[in-house]
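# Structural description and commentary
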Amino acid sequence: MKGIVLVGGGLAAATAASTLRQEGFTGRIVLAGEEVERPYERPPLSKEFLQGRSLRETVFVHPAGWYREHDVELRLGSRVTRLDRAAQQVTLADGTAEPLRRRAAGDRVDATATGAAGR
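Let me sum up the structure you'll find in this document. (Residues numbered from 1 in each chain as written. Predicted model: local features only at pLDDT ≥ 70, side-chain atom pairs only at ≥ 80, totals over all residues. Heavy atoms only, no water.)

Turning our attention to the sheet that holds strand β4 (residues 80–84). Strand order in the open sheet formed by three strands is β4-β5-β6, and the pairing between neighbours is antiparallel. Unpaired on one side and paired on the other, β4 and β6 (97–99) mark the two borders of the sheet. Pairwise comparison of adjacent strand axes, ignoring direction, gives a mean angle of 20 degrees for this sheet. Direction of pairing for β4 relative to strand β5 (residues 89–92): antiparallel, over a ladder of four bridges. Following the sheet pairing, Arg-82 is matched in β5 by Thr-91. (Pairing = 2+ DSSP bridges. Helix = DSSP H or I, 4+ residues; strand = E, 2+ residues; numbered from the N terminus. Axes fitted to C-alpha atoms, helices over the stretch in contact; angles between N-to-C directions.)

In structure tokens form, the structure reads like this:
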């Protein structure tokens, strides 16, 4: 079954997955990102956790079991190397191809949440 692949493992992708489920999307959702940890919020990481003012678990967007409970496949440590709109798939660095959902007439947006790299 074709689904939605969220490219980027940060706050925007995790929020998109959550919103899709809240809005009733029942198809396959794959969240692929280079990070080896599940999506986390960067400001709390740098401001509270690293200064010892919060617990590690508080920086993550969702609790550890949320992705499994909401049927969102995490592809952590998986850099996307190619987006092929004609073939309707993305390719990961390991060569795995993930099919994309064909947009329906009523669909309004495609999203890529690749984030940014720190300097």
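As a further point, take the nonpolar core. Buried together is how nonpolar side chains tend to be arranged in soluble globular proteins. In this structure, Ile-4, Leu-6, Ala-13, Ala-14, Ala-17, Phe-25, Ile-29, Leu-31, Val-61, Trp-66, Tyr-67 and Val-72 together form the largest nonpolar core, which totals twelve residues. Contributing elements (two or more residues each) for this core: β1 (4–7), α1 (11–22), β2 (29–33) and α3 (66–69). Counting residues per element, this core draws most heavily on α1, which supplies three residues. By size, the runner-up hydrophobic cluster in this structure holds five residues, among which are Val-5, Val-7, Val-30 and Leu-100. (Core = buried A, V, L, I, M, F, W, Y, C linked by side-chain atoms within 4.5 Å. Buried < 20%, exposed > 50% of the residue type's maximum accessible area, 1.4 Å probe, protein only.)

Counted under the stated rule, the structure contains six salt bridges. Taking the shortest distance from any N to any O, the salt bridge between Arg-75 and Asp-94 comes out at 3.7 Å. On the criterion of sequence distance, the pair formed by Arg-75 in strand β3 (residues 72–76) and Asp-94 in the loop between β5 and β6 is long-range, its members being 19 residues apart. Judged by relative accessible area, Arg-75 falls into the buried class, the value being 19%. Of the charged contacts, one joins Glu-98 and Arg-75 as a salt bridge, the two residues approaching to 2.7 Å between their closest N and O atoms. On the criterion of sequence distance, the pair formed by Glu-98 in strand β6 and Arg-75 in strand β3 is long-range, its members being 23 residues apart. Summarising the burial analysis for this pair, Glu-98 and Arg-75 share the class buried. Among the charged side chains, a salt-bridge network with shared partners connects Arg-28, Glu-73, Arg-75, Asp-94 and Glu-98. (Salt bridge = Lys/Arg side-chain N within 4 Å of Asp/Glu carboxyl O.)

Turning our attention to the sheet that holds β3. Overall, parallel pairing links the three strands, which are arranged β1-β2-β3 in an open sheet. Every interior strand has two partners, whereas the edge strands, β1 and β3, have only one. With direction set aside, neighbouring strand axes in the sheet form an average angle of 20 degrees. Alignment of β2 against β3, held across five bridges, turns out to be parallel. Looking across to β3, one finds that Val-30 is bridged to Glu-73. Packed on one face of the sheet, α1 meets β1, β2 and β3 and runs near 175 degrees to β2. (Contact = heavy atoms within 4.5 Å.)

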